[in-house]
2 protein chains.
Amino acid sequence: MTQAAAIKKPQTATLDALYALIQEDLKRVDALILSRVKTEIPLIHQIASHIIASGGKRIRPALTLISSQLCGYHGQRQIPLAAAVEFIHTATLLHDDVVDESKVRRGLATANEIFGNKASILVGDFLLSQAFQFMVGDGSLKVLKILSDAAAVISKGEVMQLMTEGQPETTIENYLQVISSKTAVLFAAACELGAVIADQENAANNLREFGIYIGIAFQLIDDALDYAADQAKLGKTVGDDFREGKITLPVILAYNAGDQQEKAFWQRTLGERMQEADDLEEAQFLMQHHDTIGQTVAMAERYCRKAAQCLSAFSSSPARDAMLDIADFCASRAY
Amino acid sequence: MTQAAAIKKPQTATLDALYALIQEDLKRVDALILSRVKTEIPLIHQIASHIIASGGKRIRPALTLISSQLCGYHGQRQIPLAAAVEFIHTATLLHDDVVDESKVRRGLATANEIFGNKASILVGDFLLSQAFQFMVGDGSLKVLKILSDAAAVISKGEVMQLMTEGQPETTIENYLQVISSKTAVLFAAACELGAVIADQENAANNLREFGIYIGIAFQLIDDALDYAADQAKLGKTVGDDFREGKITLPVILAYNAGDQQEKAFWQRTLGERMQEADDLEEAQFLMQHHDTIGQTVAMAERYCRKAAQCLSAFSSSPARDAMLDIADFCASRAY
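Residues numbered from 1 in each chain as written. Chains lettered and ligands numbered in written order. Predicted model: local features only at pLDDT ≥ 70, side-chain atom pairs only at ≥ 80, totals over all residues. Heavy atoms only, no water.

Honestly, the overall build of chain A in this entry has me stumped. Any pointers?
Helix and strand content of chain A: 17 helices and two strands. Considered along the principal axes of its C-alpha atoms, chain A spans approximately 60 × 45 × 30 Å. The buried share among the 335 residues of chain A stands at 61%. Contacts in chain A between residues far apart in sequence, at least 24 positions, make up 76% of those at least 6 positions apart. (Helix = DSSP H or I, 4+ residues; strand = E, 2+ residues; numbered from the N terminus. Buried < 20%, exposed > 50% of the residue type's maximum accessible area, 1.4 Å probe, protein only. Contact = heavy atoms within 4.5 Å.)

Pasting the structure below:
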């Protein structure tokens, strides 16, 4: 992958310290998740296990767990709430993969590929309903509001993204609104929950903002990797976004910087979805030429620095260090 | 339609008295729904308006409105809760139509047919999230529990139904569990809400049971109509269930009553989905021969009588009469 080599490679952050801090909690979250998907209906169990057990990093539930530690919380509410966050995320993944007609995720065949679109849609609905049951079980209206608002914004973001499909003239502002909504808002909610259950109102705002910034960074890198990743390492098909006509920052920057002929290339391949064999390679060449992957990674790094600033109000602690690691990770993962 | 003529036609119940009682409330529910789908995202507005405005009878929100009247409630909480019920229903319809690959609903092209599967899945998710926002806005954990439990059971029911697809040997018990879950539970929740906001604990159980029974009756008739309806009047394609291999009571009864040759017919057409031009007509003939549409309608009528008994604890009132009309309607509509 020449593109992968072209990315300035920051030192990859490690999440080892984070996982050491939340190890026990994360085990309990996993056990709770598993107990909920082990219904009397085998298909739910199969699909949910397939996607949940397929080696995700549990970043979102980890954020709830570590945020609650950062805020000095010592109860048990973080467990079902972290599970709720993961269920909302997993439901979104299942529906996304149907919408995107994805065939591979994290190196494995997607659920829609194995079990069919129907089952993926319905089990996604089931997981979302389980998330709400966890929230209702928690019993706090504040928590319910945070997560139901997040679910509403996520679904709006997904629709907005669908509407930008095939439009390389989409503005950067519009793109940032899409990724803030579809991705960053759940990171933000996951972080905010830790403060809310610890009754730390002031911390809640800082942590929410932290979550937004790392969520944006996370998605920016995701979108860069779709053109530049080492497929074997990433476990996702390079060029998916291109084939789907999805408009991401590397494309927008290349379109804006391109001459008439290049603009026509992007309109043909993404707007009209008339793609030929070498077009992905040509797209990668244009991105390299205009350094749009580099610019995307640089923007992710800026968001991560903003995220780190949100933690300056907290005194130094292992939990704070672990959250700074997450911020670094979000701008450096997987390549 | 010879089949349609073959059904014993009960006197069609009218819902005029019901609508007269809830007219003002229903207008406010519609206005609230409309205000929520008029987002800054045109696609959400288009799809939601398409499905919500396409002439449904608003039976489910009507149940919440009339139940709250029956229980002597005089506040305003029934409005957003009825809207939440309708949103849950509408979200389910959108996802159902994608899952079933339906082309026509209520005489109009389905949203997935016009706007595509992607948009239908995502807008369905949006509507579900709006339902939860209404529930959170209401602020009662009891209400939240009723509706989030309902959403969970509905999604389980949908998955269970998917698992019976193509299996005419499905038991009647299994079928009843599917339709109780996917359909009747929302009817039950809609009714129960009216009692809960009126703080009538005892009434809640009766109304919940009433809802379950009329919901089962409603779905039984729906499943009968799919083989026996006057397509122009029903506004739905006759034979959809057959083409999809969906297993409903008219099929189960015909399969159970059939000889080896007939069983082989059902296995070929629904199990293996190897269907030829005249097969739907043959299926209708076998149902007529074994009177399975008649038996299905008769079962619906029995459930409606059970429903009516649930209202015997309430003293006579226009609201109670209107609910009895709904029960009649559920066993007699549309043909």
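Back to the text.
Could you clarify how one ought to interpret the relation of the copies chain A and chain B in this entry?
Here the two chain copies are tied together by a rotation about an axis and a shift along that axis. Of the transformation placing chain A onto chain B, the axial shift is 0.0 Å and the rotation is 180°, giving an RMSD of 0.0 Å. When the rotation and shift are considered jointly, the pair of chain copies conforms to a two-fold rotation axis. When you check the interface residues of chain A against chain B, 100% turn up at the interface there too, and the contact is symmetric in its surfaces. (Least-squares fit on C-alpha atoms with pLDDT ≥ 70 in both.)

Help me understand empty space enclosed by the protein in this model?
Over the atoms rolls a probe the size of a water molecule, and in doing so it shows where empty space is left. Per the stated rule, a full pass over the model turns up eight cavities of 30 Å³ or more. Its boundaries defined by the atoms lining it, the largest cavity holds a volume of some 160 Å³. What lines the largest cavity is simply A:Leu122, A:Asp125, A:Ser129, B:Ile88, B:Ala91, B:Thr92, B:His95, B:Leu128, B:Ala151, B:Ile154, B:Ser155 and B:Glu158. Mapped onto the lining of the largest cavity, the elements with two or more residues apiece are α7 (117-138) of chain A together with α5 (78-100) and α8 (141-164) of chain B. Per-class residue counts for the lining of the largest cavity are six nonpolar, four polar and two charged. Taken as a whole, the second largest cavity spans an internal volume of roughly 140 Å³. Contributing to the lining of the second largest cavity are 14 residues, with A:Thr92, A:Leu128, A:Ile154, A:Ser155 and B:Asp125 lying nearest its centre. Only α5 (78-100), α7 and α8 (141-164) of chain A together with α7 (117-138) of chain B provide two or more residues apiece to the lining of the second largest cavity. The leading source of residues in the lining of the second largest cavity is α5(A), at five residues. For the lining of the second largest cavity, the residue count by class is six nonpolar, five polar and three charged. (1 Å grid on protein atoms, 1.4 Å probe; cavity = no way out; pocket = protein on both sides within 12 Å on 5 of 7 lines; lining within 4 Å. Points joined across faces, edges and corners; volume = space filled by probe spheres on them. Nonpolar A, V, L, I, M, F, W, Y, C, P; charged D, E, K, R; others polar.)

When you look at the environment of B:Leu193 in this model, what are you seeing that I'm missing?
All names here are of chain B. Along the polypeptide, Leu193 turns up in helix α9 (residues 172-197). Note on Leu193: relative accessible area 0%, which makes it buried. It is 8.8 Å that separates the C-alpha atoms of Leu193 and Ala82, two residues lying 111 residues apart in sequence. When neighbours within four sequence positions are excluded, Leu193 is seen to be in contact with Thr64, Leu81, Val85, Val143, Ile146 and Leu147.

I'm lost on the interface of chain A and chain B in this one. Help?
Accessible area lost when the parts come together is the quantity often used to give the size of an interface. At the interface, 39 residues of chain A touch 39 residues of chain B. Together, the buried faces of chain A and chain B total about 3600 Å²; carbon and sulfur atoms form 77% of this surface. On the chain A side of the interface with chain B, the three residues burying the most area are A:Lys118, A:Leu122 and A:Lys156, jointly 17% of the side's total. If you look at where chain A meets chain B, you find four salt bridges. The shortest N-O distance in the salt bridge between A:Lys156 and B:Glu40 comes to 3.7 Å. On inspection of chain A and its partner chain B, the count reaches six residue pairs in polar contact (both at pLDDT 80 or more). Elements supplying a minimum of two residues to the side of chain A that touches chain B: α3 (42-52), α5, α7 and α8 of chain A. Examining the composition of the side of chain A that touches chain B, we find that 14 residues originate from one element, α8(A), more than from any other. Residue composition of the side of chain A that touches chain B, by class: 22 nonpolar, eight polar and nine charged. (Buried area = accessible area lost by both parts, 1.4 Å probe. Salt bridge = Lys/Arg side-chain N within 4 Å of Asp/Glu carboxyl O. Polar contact = N/O pair within 3.5 Å; in protein donor to acceptor, adjacent residues only side chain to side chain.)

How should a negative patch on the surface be read in this particular structure?
Among the surface-exposed residues, A:Glu276, A:Asp278, A:Glu281 and A:Glu282 lie close enough to one another that they form a single negatively charged patch. Note that A:Glu282 resides in helix α15 (residues 279-289). (Patch = residues over 30% accessible without salt bridge, like charges linked within 9 Å, V, L, I, M, F, W, Y side chains within 5 Å. Areas by Shrake-Rupley, 256 points an atom, 1.4 Å probe, with all protein chains shown as cover. Lys, Arg positive; Asp, Glu negative; His and termini not counted. Charge placed at Lys NZ, Arg CZ, Asp CG, Glu CD.)

Would you explain the side chain of A:Asp241 in this entry?
Residue and element names in this part refer to chain A. Structurally, Asp241 can be placed in helix α12 (residues 240-244). Buried and unpaired, Asp241 has Lys246 as its nearest opposite-charge partner, separated by 4.0 Å. Once residues within four sequence positions are removed from consideration, Asp241 is found in contact with Asp223, Asp226, Tyr227, Lys246 and Thr248.

What is the right way to look at the environment of A:Thr296 in this model?
Residues and elements named next belong to chain A. For Thr296, the location among the structural elements is in helix α16 (residues 292-310). Separated by 45 residues in the primary sequence, Thr296 and Val251 place their C-alpha atoms 10.0 Å from one another. If we ignore the near neighbours within four places in the chain, the residues touching Thr296 are Leu220, Ala224, Leu249, Pro250 and Leu253.

How should I be thinking about the nonpolar core in this particular structure?
Taken as a class, soluble globular proteins show a tendency for nonpolar side chains to be buried jointly. A:Phe210, A:Trp266, B:Phe210 and B:Trp266 are the most contacted members of the largest nonpolar core, which has 248 residues in total. Ignoring anything within four residues of it in the chain, the contact list for B:Trp266 reads B:Pro168, B:Phe242, B:Val251, B:Ala254, B:Tyr255, B:Gly271, B:Ala283, B:Leu286 and B:Met287. (Core = buried A, V, L, I, M, F, W, Y, C linked by side-chain atoms within 4.5 Å.)

Help me understand helix α4 (residues 59-70) of chain A in this model?
All names here are of chain A. With 12 residues, α4 extends 16 Å between its outermost C-alpha atoms, agreeing within 8% with the 16 Å of an ideal straight helix rising 1.5 Å per residue. Of all 12 residues in α4, 11 are buried, a share of seventy percent or more. Among all positions in α4, only Ile59, Arg60, Pro61, Ala62, Leu63, Thr64, Leu65, Ile66, Ser67, Ser68 and Leu70 are buried. The secondary structure elements touched by the buried residues of α4 are α2 (16-37), α5, α9 (172-197), α10 (201-228) and α17 (318-330). (Expected span 1.5 Å × (residues − 1).)

Everything listed is a geometric property; what it means functionally is a separate question.
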